[in-house]
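Here are the chains, one letter per residue:
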Amino acid sequence: MRPFDYYKPKDFQEAIALLSQEGKKTFPVAGATDLIPMARDERWLPDIVVDIKALPGLRELKLIDEGLYVGAAMTMNEIAASPLVKSTWDVLAQGASSVGHNQVRNRATVGGNIATSSPAADTPPSLLVLEAIVVVRGPEGERRIPITEFFLGPRRNALKKGEIIVGLILPTPPEGAVGSYHRISRRHGADLAIVGVAVLAYPKAEGFGWRVALGAVAPTPIRVPQAEATLSAAPGKPDEAVISQAIQEAVAASRPIDDIRATAKYRREMIATLMRKAIEDVLEKL
Amino acid sequence: MLHEITLKINGEEYQVAVKSHHTLLTVLREQLGITSPKRGCENGECGACTVILDGKPVNSCMVLAVEADGSTIETTEGLAKDGNLHPLQEAFIEHNAVQCGFCTPGMLMSAKALLDFNPHPTEEDIKVALAGNLCRCTGYYRIIEAVKDAAVKMEAEK
C-alpha cells in the first residue's frame, strides 16, 4: 500500500480544509472497508485520509421532526439492530443486515456504502424506497441531496471535492407502510449482490401505494416508476396479473451487465424472482 | 506519517508508533509479535485475521492501526487462562474442528464474540456469526458443533 497521511479532526472546519487541499488526493473515511482494499491494490491512491468518525453528529441515530436521522458513520450492524430503525424504517435494517458478513458489518457504515456508490450496494435500494435525503457539508456549507439525485454512475455521485456525508434523513413513511429487501449473491456473506430488490407499500384511499427499487442491475441503483404505477393502480391488493405485469415492467427498466458474478440474462430472471418474493412478503404484512 | 497510539491487548497495555497506512493486522503481527491473527486474503473476505475490537469481531486487515487508538483488543493469545484452555478451544479439539489450523484463531474470536453477547445461540445464530470465516479443511459442521458444545459448557460453569 502506498503511504498516506491520516487525520482525525473533531470539527467540520478542519475536516473540510483537509479534504479541500488542491493537488492532493483526499479521501474521507469512516469504516475503511472500501478504502483499505482499494488502496492496497493501488486502484485508489490517497495522499490524505480524513477519518470522519469523531465529527459531531456522525455517530447519532435519532428521531427528528421529519422522521429519522441516521449519522453517516453508523455501522451496518448498529442500523440493523436499532429498534428505532426496525420500528418504521425496517427495510433499511434488512438492507444493512445483508451487507457483507458480521466482521464487515461491524465496520462498514451507511455513509460509506452510499459514498462508494457501487451499483450493487445493499442499502441504496432501501434508501430509495424510503426516499432518503443525504445531508452533506463542504466548503460551501450544508446542502441536502435527495437520494434519487445522488448516484450518477458506477462509483460516481453528486459529492464535490471537500464534501462529507454527514448523515441521512429518512422521512416518516405513510402510515402502515411495510417493506422488504431481498438479495442474491454467490456466497452468503462477503460477496456483493447479484441483484437486490427493495419493495415498500402502504395503504392509501383506494388500494395501496407501492415503491420498488433495484440494485446491481443498472449503472446506479434505480426506482422503477412504471412498475410502481401498475401496482399502485390496482384497486386493492394487486392480483397475479398485476404483479406479473409490474415485474415485466421492472425487468424492462433494468439495464444489467454480464460480469464475474452473473450474466445479464440471469440478473433479469433474478429481478423477477426476488421482486415477487419481496411483494409477497409485503402483501403478507400489509 | 507516524502516530503514537495506545492499545489494550489481552489485558496488557501497549504503546506503539504506527504508520498511517498500516493495518491493525500488520501492527499486531509485525510490530507486536501477536501472530494468532492470520494474514489470509487481506481483503475482508476470509476472516483469518479476526480479532475482537471493543467487544465486536472485526477483520484486523480492514482496520487501520491508527483507527484502533485507545481501544481494547482480544486475540486468541488471550483465551487460555493460567494454563487452562478456554472452553471454545477445548471444544474445537474435542470435535476435531481443527485441521490445518489457519482459520482457527479467526473462528475462535468470531465464536467468542458471539457467546459473549449471546450465550444461548441457535444454530442459525452461529452460522451468521461465522459466515465471515472461511475454512477449507474441516467443513463447517464440526466447527458449529464445537461452538454449540462450548456454549453449553460455559453456561454450566457459571
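See above for the structure.
Here is what the cut-offs are and how they apply
Residues numbered from 1 in each chain as written. Chains lettered and ligands numbered in written order. Predicted model: local features only at pLDDT ≥ 70, side-chain atom pairs only at ≥ 80, totals over all residues. Heavy atoms only, no water. Core = buried A, V, L, I, M, F, W, Y, C linked by side-chain atoms within 4.5 Å. Buried < 20%, exposed > 50% of the residue type's maximum accessible area, 1.4 Å probe, protein only. Helix = DSSP H or I, 4+ residues; strand = E, 2+ residues; numbered from the N terminus. Contact = heavy atoms within 4.5 Å. Pairing = 2+ DSSP bridges. Axes fitted to C-alpha atoms, helices over the stretch in contact; angles between N-to-C directions.

Quick look at the nonpolar core now. The nonpolar side chains of soluble globular proteins are, as a tendency, buried together. Counting residues in each nonpolar core, the largest one holds 56 residues, and the members touching the most others are I114, L127, V134 and L170 of chain A. In terms of residue count, strand β10 (residues 164-171) of chain A provides more of this core than any other element does, 6 residues in total. Each residue touching L127 of chain A, except ones within four places of it in the same chain, is listed here: L92, V110, I114, A132, I147, L168 and L170 of chain A. The next biggest cluster of nonpolar side chains, apart from the first, holds 33 residues, and it includes V29 and A32 of chain A together with I9 and M62 of chain B.

To continue, consider the sheet that holds strand β3 (residues 50-53) of chain B. All names here are of chain B. Taken together, the 5 strands give an open sheet; going across it, the order is β2-β1-β5-β3-β4, and neighbouring strands pair in mixed fashion. Edge positions in the sheet fall to β2 (12-19) and β4 (56-59), since each of these pairs with one other strand and no more. Ignoring which end each strand starts from, the neighbouring axes of this sheet average 40° apart. The sheet contact formed by β3 and β4 spans 4 bridges and is antiparallel. Note that in β4 the partner of V51 across the bridge is V58. Across the face of the sheet, helix α1 (residues 24-31) comes into contact with β1 (2-9), β2, β3 and β5 (72-74) while running at roughly 110° to β2. The sheet strands contacting helix α3 (residues 104-117) are β3, β4 and β5, and the helix crosses β3 at an angle near 30°.

Residue and element names in this part refer to chain A. Both strand β6 (residues 133-138) and strand β7 (residues 141-146) contribute to a ladder of 6 bridges, which runs antiparallel. Its bridge partner lying in β7, V135 is registered against R144. Remark: 2 residues form the turn of the hairpin made by β6 and β7, two consecutive strands paired antiparallel. Alignment of β6 against β10, held across 5 bridges, turns out to be antiparallel. The residue of β10 that forms the bridge with I133 is I169.

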